[in-house]
Amino acid sequence: MSINEEVDALRRIPLFSNLEPSKLKLLAFTSERLTYAKGQTIFRQGDMGDAAYIVLDGQADVMIGATDNQRKVATIGKHSILGEIAVLCDVPRTATVVAVDKLVALKISKDLFLRMVKEFPQMAVEIMRELARRLDRTNQQLAALSKQS
Amino acid sequence: MPKSLYGFILRHSKREQITLLLLAAVSYPFLYYSYDLPKLIINHLKDVAVHVKDGSLGSYPAHVVQGVSLNAHHYLFMLCAIFLALTLINGGFKFYINVFKGRLGERMLRRLRYELYVRILRFPLPHFKKMSSGETIPMITSEVEPMGGFIGDAFVQPIYQGGLLIVPLVFILVQDPILGAAALAFYPVQIYVIPRIQKRVNQLAKRRVQTVRSLADRIGETIAGIQDVHAHDTSARERADFSHRLGTIYKIRYDIYQLKFLAKFLNNSINQLTPFLFYSIGGYLVFQGRVDIGALVAVIAAQKDLAGPWKELLDYYQQKEDIRIKYEQVIGQFQPPDLVDIKVLDDDPPEGVRLQGDYALSNVTLTEGGAVKFLDGVSFTAPLTEKVAIVGDGTSGKDELPLVLARLLAPTGGSIMVGGQNAVQLPESVTGRRIAYVSHAAHMLGTSVRDNLYYSLKHRPLREPELDEAGKHERERVKLWAIQSGNTPYDILADWIDYQAAGVAGPDELEQKALKLLDLVGMDDDIYHMGLRGRIDPARRADLAEAILKARAALKERLISDPSLAALVEPFDANKYNENASLAENLLFGTPTGGAFADDALATNKYVLQVLDKAGLTNDLIVMGRKVAETMVELFSGLPPGHQFFEQFSFISSDDLPEFQALVTRVADVEPAAMSADDRARLLSLPFKLINARHRLGLIDEAFEKRILEARKLFAAELPESLRGSIEFFDANAYNAASTLQDNILFGKLAYGQAEGQARIGDLVSEVLATLDLRGKVMQAGLDFQVGVGGSRLSSSQRQKLGIARCLMKNPDIMIVNQATSSMDGQTQSRILNGLMETFRSGGLIWALHRASLARPFDRILVMQGGRVIEQGRYEELDKPGTAFHAMLKDE
């Protein structure tokens, strides 16, 4: 498994898609690649987040609710990003994520990510754009919802 | 200690000084005759010369010496032989006297340093607030250094050199009074002028000593306050301040030089005038026939010898003044009032002494400089076995009362009786062994945890070290030297540990006790992990090494039986490339010990290069190094120099990056064989750091791994004897002394990228060690953990825990705790509190608490305010509305 694979995965994430390949490579090189066994928890709802995860291989269940009353809300797969809000601001995890089967993920720590953003302002601009796009989308959805009601 | 230097010298070296003087006196006659002989020789030559001119050498009358008749030749040779003998004898005297002086000087210097150090031990504690270690340290180390040289010279030098001056002078006077007068002519001028100049030099020297001292203090202050210097951006001010001080020193020294060399100049000029007088007056006297040529030549020769001793005398005078001032200034700093009586430190304890009875304080007052009252009439009586809590705010006297109770501070008024004895008069061998005191900032020695724990048991040397005959002889000599210099005869290499005081029979039981106490203060887990991270010498701890090998086997079994665990560790296998180890580790298949095979040295190690060449790997590794360099340049060149990423992730430091940038372009299309030796070495150093699983650069494929394995075999097979000690090979059946205990148990590499791998393996290792009952043994190894300077490698709460455990080692009758758990979390605090309550069930425990609410389990609570005890009683009695204690509880 080479680093190029990880760069490829990073490029598929909208948040990173517009970044120069060399920056993505640095991000990949400085990040840890982690393997989770079936059923292992990647992070837990309510914990403070310190990293985002990019799924390189395998699937994970996203669950919401207290430990004894968990409800699966989604299953995500290859090339998706998990917990990215935590690296941008200090909020607790909003869900618990568990590996469905063997799962390989790239762990981008908050510290590392912020340092990259500080070093390469281009990254910050790209991320802002992506967040604005999301906000816009949310606004439109809200507008659509309010029209419906 | 004598206030004057000469007093000190006379008190401790009178006999030696007299010996020196006698030696000097005995040497003078020889010296005198060595001046007289040239005269005889030259006059003899003159007589003979007359006969040679006449051609009547044969009729030259024979000299009769001791009844032997000698002709002209024989007589000359005899005179020359005597001259040679005298020269040797004079040289011999000088040599012996100089060695004697040197030894005496060193001995006295040793005594002086020792006495100054003992003084520090005798300073009353409040004095330390006033003194600065920055000033004190150079006093004992460098400032007294020149005194040693001087002390040897103190008496003999003026007399000996004076003699050396007087002997030729007398000789000259005997030859002719007028010549003698000429030789003496200028001394009065010098004797008048030079002391005047010297006096000014002395004043400057005094100022210099003070300025240099304050400079040392400044440096110490900067180091101590470095955080605040940066935090407030005051480095420019600090620099200016320092420069200002240097300027002052510069000015003083410059003035000193000017004056010193002025004195030298005067002296030399005058000395040059004397020969002028000799040639003119002496020549005239020869014409007159009053002096013969032989005498004049001898006088001129003797005159030359005047300059030497005269210069020495002047130097001596200058030095004497310099040293005298230094001595007085140093001693002045070591004479505080209330110096602790040396008996307090020296007296041995009465046999089987224990502190029993009551603490009785009556009207105890503690003031500083008459102004600040820390304690103001504290009176109470409490059985020594009571558990007493002291509460109050920062200025209540809560900090000071425990120090007074531990007899570390002497009260300025009132009395403290401990078990019916006046505490102030008790020797430290009673208070320091029967009372244990620990503050929140217990000092840690920069050695092992073990040494720190046993420190409280080392009062006197108890057992001589085991020595062979030669060693015993050497020890006797060293001891004699120590006694001659007034030093302690105690041997630091002896065994000082008082097992009896610890209530154990020997080292093994003591270790058990130490572990039990560490458990009591809640440091068992820390010590266990220190042990796992530590190394042991398998030769000395064969039992543990063997046990660890058993643990290795047990762990292996666990890993094999559980595939989910197996993924966490990649074991070392002589026939397999380890993906989680670096290329260097894979090649060496061992742990480097010493520098030869260290990571940075590998690419330049001759043997390694030889092996790589033989395996045909060199050029491929260089090509790989080029790829690594290209990748690093690509990844890191956008970052500012010194960015954290370099240290954390890069193979190339930020300083070297520009060089590698140039290198990468330069060798982009060059065959390795065509590169310069320098470039090759640089590139070759990079791939050794590659860890496949971690770096994921995809540079090492399976085929290449196979070739590394071949090189590995080659490396081991042909390793020359001289390098055998530079590496510990991985061997599944042997303990690896260069690796930590944990690495020895794992015998492999933690796999990268396994979620929570480290924690899971940590648990597994603990489990395995627990089943083999090895946790205790690992903790024993943990006792050897090096704590760093002042315990810097420990957390502040670990230091506090060790400080408490150290107190308990000596089984004190009374334990005094001065806010010594302030860095710990609440749970640990109550654990330790309960532990100590249990330990001192029948002993005394006095605890100055940083929080009043912790006082509940104590028998008696002293509530302090403004240096007074304002309330005392049990918790329930005091916790009532309206009491100060109640208010304190409410405030928390």
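All chains use their own residue numbering, which begins from 1 and follows the written sequence. Chains carry letters from A onward and ligands carry numbers from 1 onward, assigned in written order. Predicted model: local features are reported for residues with pLDDT of at least 70 only, side-chain atom pairs are reported and counted for 80 or more only, and whole-chain, interface and lining totals are derived from all residues. Calculated side-chain values reflect all of the structure's heavy atoms, with hydrogen atoms and water omitted.

**Re the overall build of chain B**
At step 1: In this description a helix means any DSSP run of H or I spanning at least four residues, a strand means any run of E spanning at least two, and both kinds are numbered starting from the N terminus. A tally of regular secondary structure across chain B gives 36 helices and 18 strands.
At step 2: Throughout, the radius of gyration refers to the C-alpha atoms, and the reference size of a globule is 2.2 Å times the residue count to the power 0.38. Over its C-alpha atoms chain B spans a radius of gyration of 40 Å, topping by over 25% the 29 Å that the globule rule assigns to 892 residues.
At step 3: With the C-alpha coordinates of chain B rotated into their principal frame, the extents come out at 120 × 90 × 60 Å.
At step 4: We call two residues contacting when some pair of their heavy atoms lies within 4.5 Å. Counting only contacts in chain B whose residues sit at least 6 apart along the sequence, the fraction spanning at least 24 positions is 77%.
At step 5: Entry remark: accessible area of chain B is about 44400 Å², with carbon and sulfur atoms responsible for 56%.
At step 6: Residues scored as positive are Lys and Arg, those scored as negative are Asp and Glu, and His as well as the terminal groups of each chain are ignored. Every charge is mapped onto a representative atom, which is NZ of Lys, CZ of Arg, CG of Asp or CD of Glu. The averaged location of the 103 negative side-chain charges in chain B is 7 Å from the averaged location of its 99 positive side-chain charges. Each accessible area is a Shrake-Rupley estimate made with a 1.4 Å probe; only the visible protein chains count as cover when residues are assessed.

**Observations regarding the overall build of chain A**
At step 1: Helix and strand counts for chain A come out as five helices and eight strands.
At step 2: The linear arrangement of helices and strands in chain A, starting from the amino end, is α-α-β-β-β-β-β-β-α-β-β-α-α.
At step 3: Scaling as 2.2 N^0.38, a compact globule of 149 residues should have a C-alpha radius of gyration of about 15 Å, and chain A matches this with 16 Å.
At step 4: Taken along its principal axes, the extent of the C-alpha atoms in chain A is 45 × 40 × 25 Å.
At step 5: The buried share of chain A, reckoned over its 149 residues, is 46%.
At step 6: Considering only contacts within chain A whose residues lie at least 6 apart along the sequence, 72% involve residues at least 24 apart.
At step 7: Each charge sign in chain A was given a centre, from 21 positive and 18 negative side chains, and these centres are 3 Å apart. Burial classes: relative accessible area under 20% of the type maximum marks a residue as buried, over 50% as exposed, and values in between as partly exposed (1.4 Å probe, protein chains only).

**Quick notes on a nonpolar patch on the surface**
At step 1: Among the surface-exposed residues, Phe95, Tyr96 and Val99 of chain B lie close enough to one another that they form a single nonpolar patch of about 350 Å² accessible area.
At step 2: For valine 99 of chain B, the position within the fold is in helix α2 (residues 72-122). Patch rule: a residue counts if its relative accessible area is over 30% and it has no salt bridge; like charges are joined within 9 Å, and nonpolar side chains (Val, Leu, Ile, Met, Phe, Trp, Tyr) within 5 Å. Any Lys or Arg side-chain nitrogen located within 4 Å of an Asp or Glu carboxyl oxygen qualifies as a salt bridge.

**Let's talk about the interface of chain B and chain A**
At step 1: Counting from both sides, the interface comprises 22 residues of chain B and, opposite them, 24 residues of chain A.
At step 2: Both sides together, the interface formed by chain B and chain A hides about 1900 Å², and carbon and sulfur atoms give 60% of it.
At step 3: Accessible area that two parts lose when put together, with a 1.4 Å probe and added across both, is what the buried area reports. Contact with chain A buries surface across chain B, with Leu635, Phe645 and Arg696 of chain B losing the most and accounting together for 36% of the total.
At step 4: On the surface where chain B and chain A come into contact, there are two salt bridges.
At step 5: Of the charged contacts, one joins lysine 25 of chain A and glutamate 634 of chain B as a salt bridge, the two residues approaching to 3.3 Å between their closest N and O atoms.
At step 6: Under the rule applied, a polar contact is a pair of N or O atoms within 3.5 Å (in protein, one hydrogen donor and one hydrogen acceptor; residues adjacent in sequence only if both atoms are side-chain atoms). Our enumeration of links across chain B and chain A arrives at 10 residue pairs in polar contact (both at pLDDT 80 or more).
At step 7: Every element with two or more residues in the side of chain B that touches chain A is listed here: α24 (618-636) and α25 (644-649) of chain B.
At step 8: In terms of residue count, α24 of chain B provides more of the side of chain B that touches chain A than any other element does, five residues in total.
At step 9: For the side of chain B that touches chain A, the residue count by class is 10 nonpolar, eight polar and four charged. Each residue gets one label: Ala, Val, Leu, Ile, Met, Phe, Trp, Tyr, Cys and Pro are nonpolar, Asp, Glu, Lys and Arg are charged, and the others, such as Gly, are polar.

**Here we look at the sheet that holds strand β15 (residues 814-818) of chain B**
Residues and elements named next belong to chain B.
At step 1: When DSSP finds two or more bridges between a pair of strands, those strands are recorded as paired. Within the open sheet, the six strands sit side by side as β8-β15-β16-β5-β17-β18. Their pairing is mixed. In this open sheet, the two edge strands, each paired with only one partner strand, are β8 (435-439) and β18 (868-873). Across the sheet, the mean angle from the axis of one strand to that of its neighbour is 15°, orientation sign disregarded.
At step 2: Of the strand pairs in this sheet, strand β17 (residues 860-865) and β18 are connected by five bridges, and their pairing is antiparallel. Residue pairing for β18: methionine 864 is matched across the bridge by valine 869.
At step 3: Interaxial angle, 0 to 180 degrees, is taken between N-to-C directions of lines fitted to C-alpha atoms, where a helix line uses only the stretch in contact. The sheet strands contacting helix α33 (residues 796-809) are β8 and β15, and the helix crosses β8 at an angle near 175°.
At step 4: Here helix α36 (residues 884-891) sits on the sheet in contact with β5 (387-391), β17 and β18, set at roughly 85° to β17.

**Thoughts on the nonpolar core**
At step 1: One finds Leu453, Ile804, Met815, Leu836 and Phe885 of chain B to be the most contacted residues of the largest nonpolar core, which totals 82 residues.
At step 2: Looking at this core element by element, the count peaks at seven residues for helix α20 (residues 542-561) of chain B. By nonpolar core is meant a set of buried Ala, Val, Leu, Ile, Met, Phe, Trp, Tyr and Cys residues that side-chain atoms within 4.5 Å join together.

**Remarks on unusual backbone geometry**
Residue and element names in this part refer to chain B.
At step 1: Of note in the backbone geometry, phenylalanine 589 takes a positive phi value of approximately 50° without being a glycine.
At step 2: Here phenylalanine 589 lies in the loop between α22 (583-588) and β12 (590-592).
At step 3: Under the relative-accessibility criterion, phenylalanine 589 is labelled buried at 10%.

**Describing the packing of helix α10 (residues 235-288) of chain B against helix α11 (residues 293-333) of chain B**
Residue and element names in this part refer to chain B.
At step 1: Between α10 and α11, the shortest axis-to-axis distance is 11 Å and the interhelical angle comes to 165°. Comparing their axes, α11 and α10 come out roughly antiparallel. Viewed along their axes, α10 and α11 form a crossing whose handedness is right-handed. Every residue of α11 that contacts α10 at Lys260, Ala263, Lys264, Asn267, Asn271, Thr274, Pro275, Phe278, Tyr279, Gly282, Gly283 and Val286 is listed here: Ile293, Leu296, Val299, Ile300, Gln303, Ala307, Trp310, Leu314, Asp315 and Gln318.
At step 2: Partitioned by chemical class, the residues of the contact of α10 with α11 number 12 nonpolar, seven polar and three charged. Any angle that falls under 35 degrees is termed roughly parallel, while one over 145 is termed roughly antiparallel, one within 65 to 115 roughly perpendicular, and all others oblique. For a crossing to be left-handed, the near helix must be turned anticlockwise from the far one by less than a right angle; the clockwise case is right-handed.

**Quick word on the sheet that holds strand β7 (residues 96-99) of chain A**
All names here are of chain A.
At step 1: Strand order in the open sheet made by the four strands is β2-β7-β4-β5, with antiparallel pairing throughout. Only two strands of the sheet have a single partner each, and these edge strands are β2 (41-43) and β5 (71-76). Ignoring strand direction, the axes of neighbouring strands in this sheet form an average angle of 30°.
At step 2: Bridge count between strand β4 (residues 60-64) and β5: five bridges; the pairing is antiparallel. Bridge assignment links alanine 60 to a residue of β5, and that residue is isoleucine 76.

**A closer look at the packing of aromatic side chains**
At step 1: Put simply, two rings from Phe, Tyr or Trp (the six-membered ring, in Trp's case) pair if the centres are within 6.5 Å, and we call them stacked under 30 degrees between planes, edge-to-face over 60, tilted for the rest. Inspection of every chain in the model, using the stated rule, returns 29 aromatic pairs over all chains.
At step 2: Judged by centre distance (6.3 Å) and plane angle (80°), the rings of phenylalanine 29 of chain A and phenylalanine 636 of chain B are edge-to-face. Taken as a pair, phenylalanine 29 of chain A in helix α2 (residues 21-30) and phenylalanine 636 of chain B in helix α24 lie in two separate chains rather than in one.
At step 3: Take phenylalanine 29 of chain A: its relative accessible area is 5%, and that puts it in the buried class.

**What about the side chain of glutamate 321 of chain B?**
At step 1: When you line up the elements, glutamate 321 of chain B lands in helix α11.
At step 2: Dropping the residues within four chain positions of it, glutamate 321 of chain B is found in contact with Gln198 and Asn202 of chain B.

**Things to note about the side chain of asparagine 578 of chain B**
At step 1: The topology assignment puts asparagine 578 of chain B in the loop between β11 (569-571) and α22.
At step 2: Not counting residues up to four positions away in its chain, the partners in contact with asparagine 578 of chain B are Glu570, Pro571, Phe572, Asn586 and Lys749 of chain B.

**Overview of helix α34 (residues 826-839) of chain B**
All names here are of chain B.
At step 1: Taking 1.5 Å of rise per residue, the 14 residues of α34 would be expected to cover 20 Å, and the 20 Å separating its terminal C-alpha atoms lies within 8% of that figure.
At step 2: Of the positions making up α34, those classed as buried are Thr828, Gln829, Ile832, Leu833, Gly835, Leu836 and Met837.
At step 3: For α34, the secondary structure elements touched by its buried residues are β5, α18 (507-520), α33, β15 and β16 (844-848).
At step 4: Backbone nitrogen of glutamine 827 and a side-chain oxygen of the N-cap are separated by 3.1 Å at the start of α34; the cap is aspartate 825. In this analysis, the expected span of each helix is defined as 1.5 Å times one less than the number of residues it contains.

**Focus on the pattern of salt bridges**
All names here are of chain A.
At step 1: All chains considered together, the criterion is met by 54 salt bridges over all chains.
At step 2: Across the pair arginine 134 and glutamate 84 runs a salt bridge, and its minimum N-O distance is 3.0 Å. Of this pair, arginine 134 sits in helix α5 (residues 121-148) while glutamate 84 sits in helix α3 (residues 84-88), placing them 50 residues apart in sequence.
At step 3: Accessibility expressed as a relative area gives 23% for arginine 134, which makes it partly exposed.

**Here we look at the pairing of β16 of chain B**
Residue and element names in this part refer to chain B.
At step 1: Most of β16 is tucked away: five of the five residues are buried.
At step 2: Residues Gly844, Ile846 and Ala848 line one face of β16 and the alternating positions Leu845 and Trp847 line the opposite face, and both faces are buried.
At step 3: Inspection of the sheet shows β5 paired to β16 by four bridges, in the parallel sense. Bridging across to β16, alanine 389 finds its partner in tryptophan 847.
At step 4: Alignment of β15 against β16, held across five bridges, turns out to be parallel. Directly across from valine 817, in β16, lies its bridge partner tryptophan 847.
At step 5: With strands facing away from the observer, any crossover in which the path from the first strand over the helix to the second runs clockwise is taken as right-handed. For the crossover that starts at β15, traverses α34 and ends in the parallel β16, the hand is right-handed.

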